[in-house]
There are 2 protein chains.
Amino acid sequence: MRQLVLDVLSKQKAAISLPELEDMFEKADKATLYRTLKTFEENKLIHHIDDGSGAVKYALCQESCECEPEDLHVHFYCTVCQKTFCLNDTPVPSINLPKDFSLEKVNMVVSGICASCQK
Amino acid sequence: MRQLVLDVLSKQKAAISLPELEDMFEKADKATLYRTLKTFEENKLIHHIDDGSGAVKYALCQESCECEPEDLHVHFYCTVCQKTFCLNDTPVPSINLPKDFSLEKVNMVVSGICASCQK
DNA sequence: AGTAACTTTGCAACCCGGTTGCACCGCGTA
DNA sequence: TACGCGGTGCAACCGGGTTGCAAAGTTACT
Ligand SMILES: [Mn+2]
Ligand SMILES: [Mn+2]
Ligand SMILES: [Zn+2]
Ligand SMILES: [Zn+2]
């Protein structure tokens, strides 16, 4: 099962959610897939992305993917195809927090229209 | 009802979620509060914040609060008290998207420890 | 006041993503 | 063969959000 899921993940251009994964298999159980993603994430194979679409999405970690402690790159959510992409080459800009606020991590999601959906 | 909700909202230092609002009233119905927040948002009185905590939170719009088309300021989620704050003075930095990606809006949530929770 | 039209509210049900307990299965090992 | 352990499937549950519908409240007009 994990092999199959890993295959699917590595073939994806966009990040994928649990429900999407579910009906991409049709045969495997939701809980199994859920636990698979969980173990993958614990072992730093994948990272999750909260793009505000209601379902958390997952994408393979890249070579340089330091998901912890701080997510390095920006994510892009296409409002047309509803796909979410890792912009691995777009680092999260550093920001100045008010005094006495300590930074742990940053989630930056840009919405718009992706390259494929531009006409 | 709307008056009451508006009062609560204007007294809040942190953004508030629908469930939080719910048990802050104990008397009003979830649906009513939900619809109240909805109309407030449609009329640009409040804006919503998706901080990844599972529940969308709402905060009053400030004078200069141009929530549309693009959310202007950064939000801060405290991992200790689980409160979410508008950093009204911290604008979202502009970023360079890859070619052919068009920008509509940006959600930037910084997690860490807020001023009150620092020891 | 009486009536009609419109708005707001409460209730209940539903949806959907996520999560968990538990029993079962498959497999390697003593 | 018997045991232990990790993976799987099923079913149930949870929590936030959303909606249909009917009752209650409000407003406008006569
Ligand atoms: Mn990513
Ligand atoms: Mn805000
Ligand atoms: Zn697209
Ligand atoms: Zn705090």
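Now for a look at the structure at hand.

Cut-offs applied
Along each chain, the written sequence defines residue order, and numbers are assigned to residues from 1. For this description, chains carry letters from A and ligands carry numbers from 1, given in the order in which they are written. The predicted nature of this model means local features are confined to residues of pLDDT at least 70 and side-chain atom pairs, given and counted, to a pLDDT of 80 or more, with totals for whole chains, interfaces and linings taken over all residues. Values reported for side chains reflect all heavy atoms of the structure, with hydrogen atoms and water molecules removed beforehand. A carboxyl oxygen of Asp or Glu within 4 Å of a side-chain nitrogen of Lys or Arg is what we treat as a salt bridge. Note that water is not among the atoms considered, so a metal site may appear incomplete; the donors listed are N, O and S atoms within 2.8 Å of the metal, with 3.2 Å applied to Na, K and Ca. Sites are called tetrahedral only when four donors show all angles between 85 and 135 degrees, square planar or octahedral only when four or six donors show opposite pairs over 155 degrees and all other angles between 65 and 115, and irregular in any remaining case. Using a 1.4 Å probe on the protein chains alone, a residue whose accessible area is under 20% of its type maximum counts as buried, one over 50% counts as exposed, and one in between counts as partly exposed. We treat two strands as partners when DSSP finds at least two bridges between them. Numbering goes from the N terminus for both helices and strands, where a helix is a DSSP run of H or I of at least four residues and a strand is a run of E of at least two. By definition, residues are in contact when any of their heavy atoms lie within 4.5 Å. Here, axes are lines fitted to C-alpha atoms. For helices the fit covers the stretch in contact, and angles between N-to-C directions go from 0 to 180 degrees. We call a residue near a molecule or strand when any one of its heavy atoms sits within 4 Å of it. In the analysis that follows, any N or O atom pair within 3.5 Å is treated as a polar contact, provided that within protein one partner can donate a hydrogen and the other can accept it, and provided that, for residues neighboring in sequence, both atoms belong to side chains. For this scheme, ten residues count as nonpolar: Ala, Val, Leu, Ile, Met, Phe, Trp, Tyr, Cys and Pro. Four count as charged, namely Asp, Glu, Lys and Arg, and the remainder, Gly too, count as polar. Copies are brought into register by a least-squares superposition over C-alpha atoms of residues with pLDDT of at least 70 in both. Buried area is a sum: the accessible area each of two parts loses on coming together, probed at 1.4 Å, counted once for each and added.

## Some remarks on the pattern of salt bridges
Overall, the coordinates contain four salt bridges over all chains when judged by the stated rule. For the salt bridge of Lys99(A) with Asp100(A), the shortest nitrogen-to-oxygen distance reads 3.8 Å. The salt bridge partner of Asp51(B) is Lys57(B), with a shortest N-O separation of 3.0 Å.

## Topic: the coordination of the zinc ion (ligand 3)
Residue and element names in this part refer to chain A. Around the zinc ion (ligand 3), the protein contributes the donor atoms Cys78 (SG), Cys81 (SG), Cys114 (SG) and Cys117 (SG), at 2.2 to 2.4 Å from the metal centre. Coordination geometry of the zinc ion (ligand 3): the four donor atoms subtend angles of 103 to 118 degrees at the metal centre, consistent with an arrangement described as tetrahedral. According to the relative accessible area criterion, Cys114 is buried, its value standing at 1%.

## A short note on the sheet that holds strand E3 (residues 57-60) of chain A
Residues and elements named next belong to chain A. Taken in spatial order, the three strands of this open sheet run E1-E3-E2, and their pairing is antiparallel. A single partner strand is all that each edge strand has here, and the edge strands are strand E1 (16-17) and strand E2 (46-49). Bridge count for E1 against E3 is two bridges, and the pairing is antiparallel. The residue bridging Ile16 from the neighbouring strand is Tyr58, located in E3. With respect to the sheet, helix H1 (residues 2-11) is in contact with E1, E2 and E3, its orientation differing from that of E3 by roughly 85 degrees. The sheet contacts of helix H3 (residues 30-42) involve E2 and E3, and relative to E2 the element is tilted by about 110 degrees.

## Considerations on the sheet that holds strand E2 (residues 46-49) of chain B
Residues and elements named next belong to chain B. Ordered by their spatial adjacency, three strands build an open sheet running E1-E3-E2, and the pairing between neighbours is antiparallel. Where the open sheet ends on each side, the last strands, each with one partner, are strand E1 (16-17) and E2. Two strands pair when backbone bridges link them, and E2 and strand E3 (residues 57-60) are joined in this way by four bridges, in the antiparallel orientation. Residue pairing in the sheet places Ile46 in a bridge with Leu60 of E3. Lying over the sheet, helix H1 (residues 2-11) contacts E1, E2 and E3, oriented at roughly 85 degrees with respect to E3. Contacts from helix H3 (residues 30-42) reach E2 and E3, with the element oriented near 110 degrees to E2.

## Focus: the protein's contact with DNA strand D
With respect to spatial proximity, 16 residues lie near DNA strand D, and among them Met1(A), Arg2(A), Arg35(A), Tyr34(B) and Val56(B) are the closest. For DNA strand D, the backbone portion of the atoms within 4 Å of the protein, that is sugar and phosphate, comes to 60%. Here a base oxygen of DNA strand D and a side-chain polar atom of Arg35(A) are 2.7 Å apart. The side chain of Lys30(B) places a nitrogen or oxygen atom 2.8 Å from a base oxygen of DNA strand D. Those elements that place two or more of their residues in the surface near DNA strand D are H3 of chain A together with helix H2 (18-25) and H3 of chain B. Of all the elements, H3(B) adds the most residues to the surface near DNA strand D, at five residues. Classifying every residue of the surface near DNA strand D by side-chain character gives eight nonpolar, two polar and six charged.

## Some thoughts on the coordination of the manganese ion (ligand 1)
All names here are of chain A. Looking at the manganese ion (ligand 1), one finds its protein donor set to be His47 (NE2), His73 (NE2), His75 (NE2) and Cys86 (SG), positioned 2.0 to 2.3 Å from the metal centre. The sequence motif formed by the donor residues of the manganese ion (ligand 1) is H-x25-H-x1-H-x10-C. Of this pair, His73 sits in strand E4 (residues 73-78) while Cys86 is found in strand E5 (residues 84-91), placing the two residues 13 residues apart along the sequence. When its relative accessible area of 6% is taken as the criterion, His73 is described as buried.

## Digging into the side chain of Asn107(A)
Summarising the element assignment, Asn107(A) is placed in strand E6 (residues 102-113). Within the local environment of Asn107(A), its side chain forms a polar contact with the backbone oxygen of Asp50(A), the two atoms lying 3.4 Å apart. Setting aside residues no more than four positions away along its own chain, Asn107(A) makes contact with Asp50(A), Asn107(B), Met108(B) and Val109(B).

## Concerning the relation of the copies chain B and chain A
These two copies of the chain differ by a rotation about an axis and a displacement along the same axis. Turning chain B through 180 degrees and shifting it by 0.0 Å along the axis lays it on chain A, with an RMSD of 0.0 Å. Read as a symmetry element, the transformation amounts to a two-fold axis. No C-alpha of chain B approaches the rotation axis more nearly than that of Met108(B), which lies at 2.2 Å. Of the residues that chain B buries at the interface, 97% are likewise interface residues in chain A, meaning the two copies contact each other through the same surface.

## Here we look at the interface of chain B and chain A
Each partner contributes residues to the interface: chain B has 32 residues there, and chain A has 31 residues. Interface area lost by chain B to chain A is led by Ile95(B), Phe101(B) and Met108(B), which between them contribute 19%. Applying the counting criterion to the chain B and chain A interface returns zero salt bridges. Counting across the chain B and chain A interface gives 16 residue pairs in polar contact (both at pLDDT 80 or more). Of all the secondary-structure elements, those providing two or more residues to the side of chain B that touches chain A are strand E4 (73-78), strand E5 (84-91) and strand E6 (102-113) of chain B. Of all the elements, E6(B) adds the most residues to the side of chain B that touches chain A, at 12 residues. Tallied by class, the residues present in the side of chain B that touches chain A amount to 18 nonpolar, nine polar and five charged.

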